[in-house]
Amino acid sequence: MNTSMIKAEVNKFFPDLLAFCRDLVRIPSYTFEEKGAIERIVAEMKKLEYDKVFIDKTGNAIGIIGTGPVTVMFDSHADTVREGDRRLWSVDPFGAEIKDGMLYGLGASDMKCPGAVSVYAAALMKKLGLCEGKRIVVSFSTMEEDMDGVALRQVIVNNKLQPDYIIIPEPTDLRLCRGHGGRVMYRVDISGKSSHGSRPEDGVNAVYLMKEIIGRVEAWSDRLLSQNRRKGSVALTKIESEAASLNAVPYACGMYLDRRITVSQTEADLAAEMDELVAGTAAKWHVVTTEETTWNGEKAAMRCFFPAFELDGGHPLVRAAHEAFEALAGKELVEFRFKGTTNAVSCAGVLNIPTIIFGAGMEDMCHTVDECCRISDLEEACAFYVGMASML
């Protein structure tokens, strides 16, 4: 690997990359409203002379370079959360302002700028002749903030891409993540009997019936936390009731549980836990399923069961990451465990495709006011992607 050549070429094209980052930050692209950003990404891929560029059935931007037998894929998400109260921002969330070596704006770290880096890295591999024997796929998928992994799975399956390796450029402060936990969203429901609020003795209050299960959840959470999360965690995140009116006894009560899971737990194990949770009561439970509409009008369904994953430290993808980083940065690559979940729940957790997470941008900037990204990290990440992918 010619590190000097890679660094020089990245440096030459970096002003264009930075301009692209700023353009993306300036385009609002809330979840299910990503059209403008997707079209801008496609335009950049075409300008960079990708071999094939298209928007797929469910509105994801996809660019392909090369036709080799080994497919290396980068996937970023084009959507962002909303900016919240703009009065809390000291900068325009869509201004893409640069100051003190940082690029500010909604999505700067999570993850428009890290994703933009992968768009340029693939193009630079082509220019440097480093795509021999490879097909480089770059996707900017949608809906990630609300529907983890759904769009990426559609990108892979619907377009028959069959990647051998996947790199997800989520913001990791230039550290490597080769696995993270999963999560399940459960709903628990219990029924009572309605009556007028003036005659509660004639009804059965469903909220009161739920108290027993709430106590069990609290005790369950304490047990899991006392085990240092070796078997994940559980949190009661929402509770709601149904009644004929504000002066009627609730006839139904439901609550949502956020269950964080590890690679050792199977769906059957988790189902047994839930059966035990409601044992001896009239409550029922199920895994939550949601359905949404993409920006281009397609229906997308999500079953809220997201498996954990962990890639072995000796895997060729992990070894290539360490070797490329050390060669280009002159220091060891630090590994860490991502706190949340990413699209890897789909590609690694469900489809079992070797996956790592590495990106410019700061993890603690995700979903915060005054979100920003360190500009120097963008250049380093670009060189890293070029060098690592060329080694696979």
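Please read all numbers here as calculations on a predicted model, not as lab measurements. (Residues numbered from 1 in each chain as written. Predicted model: local features only at pLDDT ≥ 70, side-chain atom pairs only at ≥ 80, totals over all residues. Heavy atoms only, no water.)

Draft legend 1. Main features of the pattern of salt bridges. This structure, assessed with the given rule, holds 24 salt bridges. One salt bridge connects aspartate 189 with arginine 187, and the closest N-O pair in it is separated by 2.8 Å. Three or more residues joined by partner-sharing salt bridges are found here, namely Asp23, Arg26, Arg40, Glu44 and Lys47. (Salt bridge = Lys/Arg side-chain N within 4 Å of Asp/Glu carboxyl O.)

Draft legend 2. Spotlight on the side chain of glutamate 145. Looking at the secondary structure, you find glutamate 145 in the loop between strand 6 (134–141) and helix 4 (150–158). Buried and unpaired, glutamate 145 has arginine 183 as its nearest opposite-charge partner, separated by 8.6 Å. For glutamate 145, the side chain forms a polar contact with the side chain of histidine 367, separated by 3.1 Å. (Helix = DSSP H or I, 4+ residues; strand = E, 2+ residues; numbered from the N terminus. Buried < 20%, exposed > 50% of the residue type's maximum accessible area, 1.4 Å probe, protein only. Lys, Arg positive; Asp, Glu negative; His and termini not counted. Polar contact = N/O pair within 3.5 Å; in protein donor to acceptor, adjacent residues only side chain to side chain.)

Draft legend 3. Local environment of the nonpolar core. Core analysis: the biggest nonpolar cluster contains 68 residues, and Tyr50, Leu103, Ile136, Ile356, Leu378, Tyr385 and Met388 have the highest contact counts within it. By residue number, the principal contributor to this core is helix 3 (residues 108–127), which donates eleven residues. Leave out the neighbours within four places in its chain, and methionine 388 touches Ile167, Leu317, Ala320, Ala321, Ala324 and Ile356. One finds Leu224, Cys253, Met255 and Phe305 within the second-largest nonpolar core, a separate group that totals 22 residues. (Core = buried A, V, L, I, M, F, W, Y, C linked by side-chain atoms within 4.5 Å. Contact = heavy atoms within 4.5 Å.)

Draft legend 4. Highlighting helix 9 (residues 375–391). The first and last C-alpha atoms of helix 9 sit 25 Å apart over 17 residues, in line with the 24 Å expected at 1.5 Å per residue. Burial analysis of helix 9 places 13 of its 17 residues in the buried class, which makes it a mostly covered element. (Expected span 1.5 Å × (residues − 1).)

Draft legend 5. A look at the sheet that holds strand 5 (residues 102–104). Read across the sheet, three strands follow the order 4-5-18 without closing on themselves; strand pairing throughout is antiparallel. Two strands close off the open sheet at either side, each with one partner strand: strand 4 (98–99) and strand 18 (372–374). Bridge count for strand 4 against strand 5 is two bridges, and the pairing is antiparallel. The partner of isoleucine 98 across the bridge, within strand 5, is leucine 103. (Pairing = 2+ DSSP bridges.)

Draft legend 6. A look at the environment of proline 114. Mapped onto the elements, proline 114 comes out in helix 3. Assessed through its relative accessible area of 1%, proline 114 is described here as buried. Along the backbone, proline 114 and aspartate 222 are 108 residues apart, and their C-alpha atoms lie at a distance of 37 Å. In this structure proline 114 touches Ala108, Ser109, Pro169, Ala360, Gly361, Leu378 and Tyr385, once residues within four positions along its chain are discounted.

Draft legend 7. Seen up close, the sheet that holds strand 2 (residues 61–65). Strand order in the open sheet formed by six strands is 1-2-6-3-7-17, with mixed pairing between adjacent strands. Where the open sheet ends on each side, the last strands, each with one partner, are strand 1 (52–55) and strand 17 (355–357). Adjacent strand axes in the sheet meet at a mean angle of 15°, parallel and antiparallel pairs treated alike. Relative to strand 6, strand 3 (residues 70–77) runs parallel, the two being bridged by eight bridges. Bridge pairing in strand 6 links serine 76 to phenylalanine 140. Against the sheet, helix 3 touches strand 2, strand 3 and strand 6, its axis set at about 160° to strand 6. Set on the sheet, helix 9 makes contact with strand 3, strand 6, strand 7 (165–168) and strand 17; between it and strand 3 the angle comes to about 150°. (Axes fitted to C-alpha atoms, helices over the stretch in contact; angles between N-to-C directions.)

Draft legend 8. Here's a closer look at the packing of aromatic side chains. Under the criterion given, the structure shown has ten aromatic pairs. Between the aromatic rings of phenylalanine 20 and tyrosine 120, the centroid separation amounts to 6.1 Å while the plane-to-plane angle is 40°, which identifies the pairing as tilted. Note that phenylalanine 20 is positioned in helix 1 (residues 3–26) and tyrosine 120 in helix 3, a separation of 100 residues in sequence. Judged on exposure class, the residue phenylalanine 20 and its partner tyrosine 120 are both buried. In this arrangement the basic side chain of arginine 82 is found over the ring face of tyrosine 30, its NZ or CZ atom lying 4.0 Å from the centre. Above the face of the tyrosine 104 ring, lysine 99 is positioned so that its terminal group lies 5.2 Å from the ring centre. (Phe/Tyr/Trp six-rings, centres within 6.5 Å; stacked < 30°, edge-to-face > 60°. Lys NZ or Arg CZ within 6 Å of the ring centre and 35° of its normal.)

Draft legend 9. Broad picture of the state of the cysteines. This structure, assessed with the given rule, holds zero disulfides. Cysteine cysteine 347 is unpaired, with the sulfur of cysteine 177 as its nearest cysteine sulfur at 11 Å. The exposure class of cysteine 347 is buried, given its relative accessible area of 0%. Residue cysteine 366 stays outside any disulfide, its sulfur separated by 10 Å from that of cysteine 373, the closest cysteine. (Disulfide = S-S within 2.5 Å.)

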